[in-house]
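Overview (structure and organization)
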Number of protein chains: 2
Amino acid sequence: MIQQELTGDMELKWSRIQKSMQQSGTDGCLLTVDVNLFYVTGQIFNGYFYLPQEGTPFFFVKRPNGLTGENLFYIRKPEQMADIFREKGIKMPEKLLLEGDEIPYNEYIRLQSVFQPKETGNATALLRKMRCIKTPMEIEQFRYSARKHAETYAEIPSCFRLGMTDLEFQNEIERRMRKNGSIGLFRTFGSNMDIYMGSILAGENAENPSPFDFALGGGGMNPSLPIGANGTVLKDGTAVMVDMAGNFSAYMTDMTRVFSVGKLSGLAYKAHQLSLTIQEEIEKISKPGTSCSELYNIAAALVEKEGLSSYFMGTKQQAKFIGHGIGIQINELPVLTPRSKEVLEPNMVFALEPKFVIPGIGAVGIENSFLVTETGLEKLTIFKEEIIELY
Amino acid sequence: MIQQELTGDMELKWSRIQKSMQQSGTDGCLLTVDVNLFYVTGQIFNGYFYLPQEGTPFFFVKRPNGLTGENLFYIRKPEQMADIFREKGIKMPEKLLLEGDEIPYNEYIRLQSVFQPKETGNATALLRKMRCIKTPMEIEQFRYSARKHAETYAEIPSCFRLGMTDLEFQNEIERRMRKNGSIGLFRTFGSNMDIYMGSILAGENAENPSPFDFALGGGGMNPSLPIGANGTVLKDGTAVMVDMAGNFSAYMTDMTRVFSVGKLSGLAYKAHQLSLTIQEEIEKISKPGTSCSELYNIAAALVEKEGLSSYFMGTKQQAKFIGHGIGIQINELPVLTPRSKEVLEPNMVFALEPKFVIPGIGAVGIENSFLVTETGLEKLTIFKEEIIELY
C-alpha cells in the first residue's frame, strides 16, 4: 500500500497522531476524506484508514482495484469493517475519532453505528493540527512547487497584450502553469471556498465583494463562481494582481505579484510599498513562539499609522486576516487573525498576504509562502516584489 | 436578492419543493450547500436559505456584503437565525430538512440545536430529486453549453502535434475551452469525485483503475489526483478519448469523442461501432416511463452478444453504469445502473456513455448529453461520432 520511498514519512505522521491519541486516551481514528487519506498514505483511494492508538494501521479499500499490502482489506460497504475487526481480533475502539468537520452527517452516523464507540471525537481538528507542522518530505515538495511557481511568474509579462481582458490574460497564465506541471486541482478546506486555479484582479473588479473566505474578491465570470476575473479590459493605469495557485506538487505554494499597465497612481505605489514594509517587519520578528495575532496586529498598526486602513484587505468588504497555513489545501492552519490563539512553530508553512484595494485602479500588495525555521522565517517563493510594468 | 429575470424560474423551483414538503408533512427546509443555494437563488453566497412549507423564503447572509431584498437578514452565526424567527414571528419548524448527505456532521448538529426540530429529514435527497427535473431556464443553459462544447471539440484536431503527450494535448484543449468561455470549475457530488476539467485517456493508461466514480480511470499525473492523462506519448496506433467538461454555463454538458493517431486495431473500430449501436438502440426505446435499469441491461445484452463484455466500461476495473444525470454537478440523478429504481421523466437531462477499453490501444466509445422530452430523447451535443483521425 505505502510506496517504499514514503514509508519513513508515513511512519513519522502515524507516530505523531498516535502520540496525540495516547495523550487524550483515544483508541483510534478512522479517516476517509481524500486529503487526509493522502496525508497518511501518500495516495488517494476510496475507502478508510484506521489507525489504532498503538501498532500498525489498517487499510479498507473500495477502489481502485489491485492494491496490496499488510493489513489491507477490500470492502464494499463500511459495515464490513466491523466484521473484519471481529475476525482478526482487532480491538473495537471505545473512544473513536471521526472527521466531524468534513464528512457528511449521514456518513458519520453510519460509521458510528458500525463501530458503536462509547465516545467520538473530532479527527478533523486533530488532523488539521498535525498537518500544519510539515515533515521534511512535505517541505521538499513545497520547495519544488515554489521553484516552479516562480518560474511560471517569470513568464507572466509574455502573456500580456494591450487591449486584452483579465480572463484572456488568465488563460495565458493557466496555459503556462499547466505546461510547467501544475496539477490543476486547487483544494480548499470548507464548503465556502470555491475557486478555479487562482485569481486575477484588475481595476474596479478588485472592489467586488465575494462570498468566499479568500483575502480579496472579484465578481467572476458567472454567478455560479463569483470570484476573480470578470472580463475587465486591462487598460492603461490598471493594477493587475496575479494570485494563481502553485499546485505543482500536492503541496501548494501561494504567491501574489502585481503587474501594471503603464503607470499607477501615487497611492497605489505607496500602498504597495507599505505591503513590502509589513512583510519585512513580520519577517524580522517572526520565530517559533511568536503569536499569530501579534503578526496581524503589527500589520494593522502600520496600516493605521499610514492612514490606509480603509483600503487594507479590501474596501467594500475587508478580510480579517493577513495570512494562512498552506499545504494540501490552500487554507490550512495557522490563520493570522486579530484574535488567533495560535503561535508559530518550527516547520509550519504559511502564506503572508498584506494587500490593498485602490478604487478604480485595482489591488496591490504582496504574498509569499514562508517556512518557519528554528530561528525565524525562510521565504520559499523567491521572485521580484516591486510592481512590474507590463509595457 | 433574486435577479428579476430569474424570478419566475426560482418561484417554479420553490413551489415544487413546497409541494413535496406539504405531501410529507415537512415544515421547512434549510439549505447552505453552494450548489443548492445556486439552484434556489441563482447565486452563490455564504449563508442559509430557509423555505417554509408555504409562503416566501428567507435569506440569511454572512457574505458577500451589499445584498438586499425581501426577507433578507445579515447574520454572523447560525444561532442568530432562531432570534430572527422569534422576532419576526416566523413559525419554528417541527419537521425540518437539512442537507444530511452534504453538510459536515458538526454543522448539522449545530443547526439542529439552533432550530431544535422534533424531527429532521434529508434535504439532500429532496434537492437531488428536484434538481434532476430541469426547468426551461436550466435547459436553455444546457443548450448553450452544448453548443460551445461542440464548437470546442471541432478545434481538437488543431491541438494535435505528432510526438506530444496526452498532458500536452489536454493543455491545448483546456486553453480553447477557456477561450470559448469555460468557467473552469468542475463540480461533482460526493467526496470521491475529484477531477480537473475532464479526462484524456490514451494507450495503456486507459486500463489504469481509479479510486473515483467516473466511468473510466487513468493514472493521472500525480498521486494526489489519480485520474486521467499521465504523460502517455500519443504515438501511432493509439486511441485518444477526450471527455472534457462542457462547463460553459453553470449547467455542464458531458460529451466524449475518440480521436486516433493513425489507424487503430479492428477490435477498436468494432467496439466503437457497438457503442454507437447501443446509443441508437437506447435512443429508440427511451421515453418518459422507461426504466433506467432497462437501459443498462439492453446495453449489457448487446455487449454480451458481441462477446465484448471483458472490455466494457473498463478492463481491470469496470464501472457498473452507462449513464448519469448532469446539471450543476456532473453526477446528478438518475443513474443508469443494472438495479436502478428510477424511470425517465420529461425534462431530465442525462449523459449516456457506453465505452470500451482496448488493451494497449486506449478507450473507444461515445458520450452524449440527452434531454428527455414528452415523447423520447433529444440529443443536445451534436458533433460527428465516428473515430476522428488526427493525421
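Scroll up a little and you will see the structure.
Quick summary incoming for the structure in this document. (Residues numbered from 1 in each chain as written. Chains lettered and ligands numbered in written order. Predicted model: local features only at pLDDT ≥ 70, side-chain atom pairs only at ≥ 80, totals over all residues. Heavy atoms only, no water.)

Remarks on the nonpolar core
Soluble globular proteins: nonpolar side chains tend toward being buried together. With 190 residues, the main nonpolar core has F60 and F169 of chain A together with F60 and F169 of chain B as its most contacted residues. The contacts of F60 of chain A, once residues within four sequence positions are left out, are F45, N46, G47, Y48, Y50, F73, I75, M81, I84 and F85 of chain A. (Core = buried A, V, L, I, M, F, W, Y, C linked by side-chain atoms within 4.5 Å. Buried < 20%, exposed > 50% of the residue type's maximum accessible area, 1.4 Å probe, protein only. Contact = heavy atoms within 4.5 Å.)

Remarks on the interface of chain A and chain B
Each side of the interface is counted separately: chain A has 55 residues, and chain B has 55 residues. Carbon and sulfur atoms make up 50% of the surface buried where chain A meets chain B, a total of about 4700 Å² over both sides. Interface area lost by chain A to chain B is led by Y105, R178 and Y196 of chain A, which between them contribute 15%. Counting across the interface, chain A meets chain B through 8 salt bridges. Two residues, R175 of chain B and E172 of chain A, come together in a salt bridge whose shortest N-O distance is 3.1 Å. Our count for the contact surface shared by chain A and chain B stands at 29 residue pairs in polar contact (both at pLDDT 80 or more). At the level of secondary structure, the elements contributing two or more residues to the side of chain A that touches chain B comprise α2 (34-41), α4 (105-115) and α7 (166-179) of chain A. (Buried area = accessible area lost by both parts, 1.4 Å probe. Salt bridge = Lys/Arg side-chain N within 4 Å of Asp/Glu carboxyl O. Polar contact = N/O pair within 3.5 Å; in protein donor to acceptor, adjacent residues only side chain to side chain. Helix = DSSP H or I, 4+ residues; strand = E, 2+ residues; numbered from the N terminus.)

Side note on the sheet that holds strand β16 (residues 377-379) of chain B
Residues and elements named next belong to chain B. Spatially, β11-β10-β12-β15-β16 is the arrangement adopted by the 5 strands of the open sheet, whose pairing is antiparallel. Of all strands in the sheet, those bounded by a partner on one side alone are β11 (332-336) and β16. Strand after strand, the sheet turns through a mean of 30° between neighbouring axes, direction not considered. Of the pairings in the sheet, the one linking strand β15 (residues 368-372) to β16 comprises 3 bridges and is antiparallel in character. The residue of β16 that forms the bridge with V372 is L377. (Pairing = 2+ DSSP bridges. Axes fitted to C-alpha atoms, helices over the stretch in contact; angles between N-to-C directions.)

Some thoughts on the relation of the copies chain A and chain B
Structural alignment of chain A on chain B gives an RMSD of 0.0 Å, achieved by rotating through 180° and translating 0.0 Å along the axis. What the superposition gives is, in effect, a two-fold axis relating one chain to the other. The share of interface residues of chain A whose copies in chain B are also at the interface is 100%, consistent with both copies meeting through the same surface. (Least-squares fit on C-alpha atoms with pLDDT ≥ 70 in both.)

Things to note about the pairing of strand β14 (residues 362-365) of chain A
For a regular strand, the rule is simple: side chains alternate between the two faces of the sheet. Residue and element names in this part refer to chain A. Both strand β13 (residues 355-358) and β14 contribute to a ladder of 4 bridges, which runs antiparallel. Within the sheet, the bridge partner assigned to I358 lies in β14 and is G362. Adjacent in sequence and paired antiparallel, β13 and β14 are bridged by 3 residues, among which G360 carries a positive phi angle near 80°.

Let's talk about the packing of α4 of chain A against helix α4 (residues 105-115) of chain B
In the contact formed by α4 of chain A and α4 of chain B, the axes pass within 7 Å of each other and the chain directions differ by 105°. As the angle between them shows, α4 of chain A and α4 of chain B are arranged roughly perpendicular. Residues Y105, Y108, I109 and Q112 of chain A of α4 of chain A touch α4 of chain B, and the partners they reach there are Y105, Y108, I109 and Q112 of chain B. (Parallel < 35°, antiparallel > 145°, perpendicular 65-115°, else oblique.)

Observations concerning the pattern of salt bridges
Residues and elements named next belong to chain A. Following the criterion strictly, the structure yields 49 salt bridges over all chains and no others. Put simply, E332 and K134 hold a salt bridge, and the shortest N to O gap is 3.0 Å. Here E332 is found in strand β11 (residues 332-335), whereas its partner K134 is found in the loop between α5 (123-131) and α6 (136-154), with 198 residues between them in sequence. On the basis of relative accessible area, E332 is assigned to the buried category, the value being 4%. By relative accessible area, which is 1% here, K134 ends up buried.

What about the side chain of E367 of chain A?
Residue and element names in this part refer to chain A. Note on placement: E367 falls in the loop between β14 and β15 (368-372). A polar contact is formed between the side chain of E367 and the side chain of T256, at a distance of 2.7 Å. In this structure E367 touches D243, D254, M255, T256, R257, H324, A351, L352, E353 and K355, once residues within four positions along its chain are discounted.

Thoughts on the environment of F214 of chain A
Residue and element names in this part refer to chain A. Within the secondary structure layout, F214 lies in the loop between β7 (198-202) and β8 (239-244). Residue F214 is classed as buried on the basis of its relative accessible area of 16%. For the pair F214 and F321, spaced 107 residues apart in sequence, the C-alpha to C-alpha distance is 9.4 Å. Excluding its chain neighbours within four sequence positions, the residues that come into contact with F214 are T188, M193, D194, I195, I227, A319, F321 and I330.

Some points on the sheet that holds strand β4 (residues 72-74) of chain A
Residues and elements named next belong to chain A. Spatial strand order, β4-β3-β2-β1-β5-β6: 6 strands in an open sheet with mixed pairing. The open sheet terminates on both sides in strands that have one partner only, identified here as β4 and β6 (119-122). Each neighbouring strand pair of the sheet contributes to a mean axis angle of 20°, computed without reference to strand direction. For strand β3 (residues 58-63) and β4, the ladder comprises 3 bridges, and the chain directions are parallel.

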